[in-house]
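So the chains spell out like this:
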Amino acid sequence: EEEEEKEKEKEKEKKEESKDPEQIAFKEVVGHLSMELVGGHTTVRSNIQKLLGELAQLTGRDVADLLEPFRSSISQQIFKRRLTNFPVPVQIGHLDGLTYCLSLKPAFLAGEPNLVQFFQDALNVAEMEDQAIAGGRQPDGGVVAQFNLLRTHCVQLLRTAMASSEVSLSTNNQELRNQIILMFFKVITKGHHDAVIAAREGLAEVLQTQRGKAPFKDLLQSSLRPVLVNLADYRKLNVPLLEGLSRLLELLSSWFNVTLGEKLLDYLQKWAEPDKATPAGGQIKKASDEPKIPAAIIQLFHLLPPAPEKFMQKLAQLTIDLELKLPSVGDFSQVRSPYRAPLTKFLNRFPSEALDFFYGKLTEPQYCKLFQHILRSETASPLRDEVRRSVQKLLNHTFLKDPAHADYHELRFQGVAIVRTICKFFPDWLRESPMVLDHLQRIWLSKERIARLQKEEELELEHLLESKKLVKCLLCYARCNTNDHEVLFNMLTIFTVRSVVDYSFLKQFYAHEVANGYTLSQRKSMVLHMINKCKDPAVPQELKVQALQLLVIPTLTSTLSKPGGESVLDESTITTIVKDLLDPGDEILSRYDEALHIELLQLATLLIRYLKNQLVSHRKELIKFAWDRLKRDETTSKQWAYVNVCRFIEAYDAPHKIILQVYVALLRAFQPEQRPLLKQALDILTPALPKRLPPQEHKYPIWIRYTKKIIVEEGHSLPHLIHIWHFLVRHADLFYSSRAQFVPQMVNSLNRIGMANSCPVENRKLAIDLADLVMTWDARRIEAAKAEPVVKVEGKEEAKVVVKMEVDGEAGGADEKKRDQPDEGLDNGAPTKKAKTEAGAVTTATAAASAPTPVPVTPSTPGGGGRGRQRRGR
């Protein structure tokens, strides 16, 4: 009675819907969609399936309920003829559409009478070869791809039918069900990729529902028998067969026993034999395919039932033997071994047993190389995790061995290599494992390691990298623990020994991550730690040099150049630097070598530049330390002392005699090896000279006069002259007011500097710079003259007061001896006198010290004619 009432309600709803225009239109839309549900266009079918799902969601009804009015038309399209009587694209559309209908909840078309026959046709197509589907013709590449797609849809349909409770093949068609399961096995072992995925999922669903039933067990054994028959002879093995077997093992590993693994080991042994014959049957078409078969065999072991103690040693040894047979170059070579990736999967399944085995083989080079390579591979995560967890096991087999052991050093090296690999993937591991870090630091500080490093030519190539691996490990720890400055200092020892290994990465770490990456408080504590190390007399001087050069000076340079960086050094630290490093006493200073003096001079120069106010009370110690170095014969430290003294003169006042002495010494030093530091010192000192050495009663200051004197005295030496002209070009603005003293020499030296055929490009560039400087000065003079104010002359006419710079050689070269003296032969600053000619032109003349009576010269009247007209006018 309830069912009758429900049917009556549905009939009423249908009558109401038949009267509603919207429902009529909706039904027509669904009808049009249903006609294309089994069409031949893949994109159309997939979009219709999505659209039907959205319509069902909007209306609150099932998709099967929406399609029910069109059951007969859809069924007529699919079942009106046998499947194989349609073209391949139409077959694909019918298979895909029916698969969609059977996958609905509830299933649609599940009760059709022709459904079982359709399943049988789909099963036959899934098992057909390409030639059979093509009607006996050999298909081309595009057709083969279409056939693979057809088989995939057949497998997907049969998988959906097996999983559907409405179809119920397990009760009504048990024979067909068994045939479908056999087809799943065949497709898994040698099918297309997409078909393999569908068959694997279908077989997994069958195994989940039928596991433990006796009939299914017999069916499974009969299905596996063809696969096992092909494994009877190793010469019949091929890659597709082995890949299919691996897929079966993923689903049915419990159905196999250890005997299969032993059989596979025997096959690997035959492949590893030097006189192995080429497999029969022509499976291997080219030599490059041959290593794929042993690799596929090794790929099976991680799927077999667990028996690591039986397979571990033999599998590792056979992998090494097979690699020895590989060529030195090619797609598969000893460097690009195809066997290590499948072996890694086996080791990942049994990581603890794998570590026990390889830890016991650390003294055998072949096993060590294999283990280290596998441990570094991206796919060995379970193995690396086991190393992290079993720290004590690693220490027992490597670092804690008795020093009397014959392979003590080799085991320690292998331990360092293992730790380096783990640190590469887990940088914070050493911070979590203090015992391992302690052993690494002991090895780093040991005298044996330093002795080996000093005899690199006697070491093997692999052992040559011991110190580099240790540095890499300590570097990982230093990055994670920025407060441990002792590690930073210990790593500096690598730069005290000459090595062929490149350690520039450590210098980059100090320069970028420490000097620029640490916080201000971390830099402050690190600098203080290094200063305390530098004042310790027990620390070797070469280590102090490296600490100052790579850590202290770069960090202070980066910090002090930024606002607020002065707080990195407090008053006590500055006092420690001055008292304990720069002025520790003559006895200690005498033991300093030149390299340490250079670094201390650079440190003092840096402090004077940025902390001159804080160093006022230490001026005496600073100038004493630098001045003592000026008296020494060491070339490099002496030049750095000049830089330091120039920075001191720039910051603090000093006696004029000392300033002039330093300036003249820098001008007279022109050797090429000294040029960079001399240039730096002059560039620091010169801008401060107008303030430190004012002109006083002279028109030109004394440093200008001495510059002129050195040019005159040393002008015969071209390198010396080039040195001075470079200096003058860099500071052209400071010499503008005294340009009359240098322009004649500049013009006269142009030929010597830049016109010779053999002169270098640098000299030619300097000659161009000098000519440009003369023109620039003259243009500046003209602009200044135009800017002069206009004045009345005798109340009648207006004229500009123009000061003419006289560069005539006759006027300035009367007495050569007087010109050589810095205090004589120069203009004494006498006032310029103006004279007006009869024509009203204004002339100027300079009263020189050697000419008591001025001789006016009219610029527009050259020679004696001008002088005669001036005489008549007078």
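Structure: see above.
The sections below set out a description of the structure shown in this document.

Rules of the game
- Residues numbered from 1 in each chain as written.
- Predicted model: local features only at pLDDT ≥ 70, side-chain atom pairs only at ≥ 80, totals over all residues.
- Heavy atoms only, no water.
- Helix = DSSP H or I, 4+ residues; strand = E, 2+ residues; numbered from the N terminus.
- Buried < 20%, exposed > 50% of the residue type's maximum accessible area, 1.4 Å probe, protein only.
- Contact = heavy atoms within 4.5 Å.
- Areas by Shrake-Rupley, 256 points an atom, 1.4 Å probe, with all protein chains shown as cover.
- Axes fitted to C-alpha atoms, helices over the stretch in contact; angles between N-to-C directions.
- Parallel < 35°, antiparallel > 145°, perpendicular 65-115°, else oblique.
- Left-handed = near helix turned anticlockwise from the far one by under 90°.
- Phe/Tyr/Trp six-rings, centres within 6.5 Å; stacked < 30°, edge-to-face > 60°.
- Disulfide = S-S within 2.5 Å.
- Polar contact = N/O pair within 3.5 Å; in protein donor to acceptor, adjacent residues only side chain to side chain.
- Expected span 1.5 Å × (residues − 1).
- Salt bridge = Lys/Arg side-chain N within 4 Å of Asp/Glu carboxyl O.
- Bend = angle between axes of the 7 residues up to and from the residue.
- Core = buried A, V, L, I, M, F, W, Y, C linked by side-chain atoms within 4.5 Å.
- Patch = residues over 30% accessible without salt bridge, like charges linked within 9 Å, V, L, I, M, F, W, Y side chains within 5 Å.
- Lys, Arg positive; Asp, Glu negative; His and termini not counted.
- Charge placed at Lys NZ, Arg CZ, Asp CG, Glu CD.
- Nonpolar A, V, L, I, M, F, W, Y, C, P; charged D, E, K, R; others polar.

### Things to note about the overall build of the protein chain
For the protein chain, the count of helices and strands is 47 helices and 4 strands. Each of the 874 residues in the protein chain was classed as buried or not, and the buried ones make up 45%. The contacts in the protein chain between residues at least 6 apart in sequence include a share of 68% that link residues at least 24 apart. Accessible surface computed for the protein chain: about 45200 Å², of which carbon and sulfur atoms make up 51%.

### Let's talk about the side chain of Q522
Summarising the element assignment, Q522 is placed in helix α30 (residues 520-534). Sequence-distant contacts of Q522, that is, excluding residues within four places in its chain, are made with T482, N483 and H485.

### What about the packing of helix α2 (residues 21-35) against helix α3 (residues 42-59)?
The relative placement of two packed helices is expressed as an angle between their axes plus a distance between the axes. In contact at an axis separation of 11 Å, α2 and α3 are set at 155 degrees when each is read in the N-to-C sense. On the basis of the axis angle, α2 is roughly antiparallel to α3. Seen along the crossing, α2 lies across α3 with a hand that is left-handed. Where α2 abuts α3, its residues F26, V30 and L33 lie against I48, L51, L52, L55 and T59.

### Describing the packing of aromatic side chains
Overall, the coordinates contain 15 aromatic pairs when judged by the stated rule. Aromatic side chains F357 and Y367 sit 5.7 Å apart centroid to centroid with 80 degrees between the ring planes, which places their arrangement in the edge-to-face category. Of this pair, F357 sits in helix α19 (residues 351-359) while Y367 is found in helix α20 (residues 365-376), placing the two residues 10 residues apart along the sequence. Through a chain of ring-to-ring contacts, three or more aromatic side chains come together here, namely F357, F358, Y359, Y367 and F371.

### Here we look at the state of the cysteines
Taken as a whole, this structure holds 0 disulfides when the rule is applied. Here C423 stays unpaired: no disulfide links it, and the sulfur of C473, its closest cysteine neighbor, is 4.5 Å away. C423 sits in the buried class, given a relative accessible area of 1%.

### Quick word on the environment of D484
Topologically, D484 is positioned in the loop between α27 (466-480) and α28 (485-491). Take D484: its relative accessible area is 21%, and that puts it in the partly exposed class. Residues D484 and Q522, 38 residues apart in the sequence, show an inter-C-alpha distance of 9.9 Å. At a separation of 3.4 Å, a polar atom in the side chain of D484 contacts the main-chain amide nitrogen of E486.

### Brief notes about helix α34 (residues 594-610)
Between the first and last C-alpha of α34 there are 25 Å, a value that for 17 residues agrees with the 24 Å anticipated at 1.5 Å per step. Most of α34 is tucked away, with 12 of its 17 residues classed as buried. Buried within α34 we find L596, H597, I598, E599, L600, L601, L603, A604, T605, L606, L607 and I608. Looking at the buried residues of α34, the elements they touch are α31 (541-560), α32 (571-582), α33 (586-591), α35 (619-630) and α36 (635-651).

### Focus on the pattern of salt bridges
Following the criterion strictly, the structure yields 35 salt bridges and no others. The partner of R159 in a salt bridge is E205, with the nearest N and O atoms 3.0 Å apart. With R159 in helix α9 (residues 141-163) and E205 in helix α12 (residues 193-210), this pair connects stretches of sequence that are 46 residues apart. Each member of the salt-bridge network shares a partner with another, and the members are R668, K709, E713 and E714.

### Let's talk about the environment of L685
Secondary-structure assignment places L685 in helix α38 (residues 675-685). The exposure class of L685 is buried, given its relative accessible area of 0%. Sequence spacing of L685 and A651 is 34 residues, and the spatial spacing of their C-alpha atoms is 9.9 Å. Discounting residues that sit within four places of it in the chain, L685 has contacts with C646, I649, I659, V662, Y663 and L666.

### Looking at α31
Structural remark: α-helix, 3.6 residues per turn; residues separated by three or four positions point the same way. The axis of α31 is deflected most strongly, by about 40 degrees, at L548. Most of α31 is tucked away: 15 of the 20 residues are buried.

### With respect to the nonpolar core
What tends to happen in soluble globular proteins is that the nonpolar side chains get buried as a cluster. Counting residues in hydrophobic clusters, the biggest one holds 255 residues, and the most contacted among them are L488 and Y510. Broken down by element, the residue count for this core peaks at 10 residues, all from α31.

### Here we look at unusual backbone geometry
Here the bond from K105 into P106 is cis, since omega is 0 degrees, no more than 30 degrees from zero. Assignment of secondary structure puts P106 in the loop between α6 (88-103) and α7 (115-127). At L109, a residue that is not glycine, the phi angle is positive and equals roughly 70 degrees.

### Focus on a negative patch on the surface
A cluster of acidic residues, E2, E3, E4 and E5, forms a negative patch on the protein surface. Position of E4 relative to the elements: it lies in helix α1 (residues 2-19).

### A few points about the packing of α38 against helix α41 (residues 718-730)
Following both chains from N to C, one finds α38 and α41 inclined at 40 degrees, their axes separated by 11 Å at the closest point. Here α38 lies oblique to α41, going by the angle between them. For the element pair α38 and α41, the recorded crossing hand is right-handed. Counted together, K679, L682 and D683 of α38 and H723, F727 and R730 of α41 form the full contact between these two elements. Per-class residue counts for the contact of α38 with α41 are 2 nonpolar, 1 polar and 3 charged.

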